[in-house]
Amino acid sequence: ILAMANLYGATTARAYADGGPAAVRRVVRSASILGVSAMLGLWIFLSFFGGRVVELFYGGEFSGNGELVGVIAFAAPFWAFSCCLSVGLRALGRPDAELGGRIAGFVITLVFAILLVGISKIVGVAWALVAGAIATTAWQAWAFYCWFPEETAPKVTSELVDERA
């Protein structure tokens, strides 16, 4: 997912410079479809075979962790979409909206972890990670698609860059 962020960060910035907010939306849409699809495949695979994968890499003492791996893998499609939205928000000059999503996700993860650890132990904390991923993604999607419509996104110009320098 981090490699995808690095690749699409530069691509999104270039798209913004060449085509403005509409181009950013196209790049974010295509990157999201690719990233979320790949992570959905990973989630499905790990939901069925995650326990075996853990045993293969770490040995029999870690057997019985299939449910945990499946729950954590469920967050991966949300992380992928959040990654795409993050680079889009940064390209549109709104890193504050990205940060807001990260803070919301952190708070939700913390609250859910405190509430669920007593009930479900480590699997409860894994569900807290999922809840945080969903909260982050929801915030960023709201910001990207609703809060900052295409026509209000700032256009970076050479005068603006020179002014800030």
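The structure under discussion appears in the preceding block.
Let me sum up the structure you'll find in this document. (Residues numbered from 1 in each chain as written. Predicted model: local features only at pLDDT ≥ 70, side-chain atom pairs only at ≥ 80, totals over all residues. Heavy atoms only, no water.)

**Here's the deal with the overall build of the chain**
Here is step 1: Of the regular secondary structure elements, the chain holds five helices and zero strands.
Here is step 2: Element order for the chain, N to C, with α for helix and β for strand: α-α-α-α-α.
Here is step 3: When the 165 residues of the chain are sorted by exposure, 39% land in the buried category.
Here is step 4: In the chain, once contacts between residues fewer than 6 apart in sequence are set aside, the share between residues at least 24 apart is 74%. (Helix = DSSP H or I, 4+ residues; strand = E, 2+ residues; numbered from the N terminus. Buried < 20%, exposed > 50% of the residue type's maximum accessible area, 1.4 Å probe, protein only. Contact = heavy atoms within 4.5 Å.)

**Examining the packing of helix α2 (residues 66–74) against helix α3 (residues 76–91)**
Here is step 1: Contact pair α2 / α3: the axes reach a minimum separation of 4 Å and the direction vectors enclose 25°. Here α3 runs roughly parallel to α2, going by the angle between their axes. Along its contact with α2, which presents I72, A73 and F74, the element α3 presents A76, P77, F78 and W79.
Here is step 2: Residue classes in the contact of α2 with α3 are distributed as seven nonpolar, no polar and no charged. (Axes fitted to C-alpha atoms, helices over the stretch in contact; angles between N-to-C directions. Parallel < 35°, antiparallel > 145°, perpendicular 65-115°, else oblique. Nonpolar A, V, L, I, M, F, W, Y, C, P; charged D, E, K, R; others polar.)

**So, the side chain of T137**
Here is step 1: Along the chain, T137 turns up in helix α4 (residues 95–147).
Here is step 2: Residue classification places T137 among the buried residues on the basis of a relative accessible area of 5%.
Here is step 3: Not counting the four nearest positions on each side in its chain, T137 is found in contact with F78, F81, S82 and L85.

**Comments concerning the packing of aromatic side chains**
Here is step 1: Applying the stated criterion across every chain, the model contains seven aromatic pairs.
Here is step 2: Look at Y58 and F62: their rings are 6.0 Å apart centre to centre, the planes differ by 70°, and that puts the pair in the edge-to-face class.
Here is step 3: Ring centres 4.9 Å apart and planes at 90° place the aromatic pair F144 and Y145 in the edge-to-face group.
Here is step 4: The class of F144 is buried, set by a relative accessible area of 0%.
Here is step 5: The class of Y145 is partly exposed, set by a relative accessible area of 37%.
Here is step 6: Here a set of aromatic residues connected by ring pairs shows up, and it is made of W43, F74, F78 and W127.
Here is step 7: The side chain of R25 reaches across the aromatic face of F144, ending 5.2 Å from its centre. (Phe/Tyr/Trp six-rings, centres within 6.5 Å; stacked < 30°, edge-to-face > 60°. Lys NZ or Arg CZ within 6 Å of the ring centre and 35° of its normal.)

**A few points about the nonpolar core**
Here is step 1: One finds M4, Y8, V24, V28 and F144 to be the most contacted residues of the largest nonpolar core, which totals 24 residues.
Here is step 2: Listed by contribution, the elements that provide at least two residues to this core are α1 (2–58), α3 and α4.
Here is step 3: What M4 contacts, discounting residues up to four positions off in sequence, is A31, G35, A80, C83 and C84.
Here is step 4: Judged by nonpolar contacts, the second largest core, of seven residues, contains L68, A75, V123 and V130. (Core = buried A, V, L, I, M, F, W, Y, C linked by side-chain atoms within 4.5 Å.)

**Notes on the state of the cysteines**
Every disulfide links exactly two cysteines, by a covalent bond between their sulfur atoms.
Here is step 1: Under the counting rule described, the total for this entry stands at zero disulfides.
Here is step 2: With no disulfide of its own, C83 has C84 as its nearest cysteine by sulfur position, at a separation of 5.2 Å.
Here is step 3: Under the relative-accessibility criterion, C83 is labelled buried at 7%. (Disulfide = S-S within 2.5 Å.)

**Digging into the pattern of salt bridges**
Here is step 1: Tallied over the full model, the rule gives three salt bridges.
Here is step 2: A salt bridge links E98 to R90, with the nearest nitrogen and oxygen atoms 2.9 Å apart.
Here is step 3: Exposure remark for E98: the relative accessible area of 12% places this residue in the buried category.
Here is step 4: Ionic pairing is found between D96 and R94, a salt bridge with its closest N-O pair at 2.8 Å.
Here is step 5: Salt bridges linked by common partners bring R90, E98 and R102 together as one network. (Salt bridge = Lys/Arg side-chain N within 4 Å of Asp/Glu carboxyl O.)

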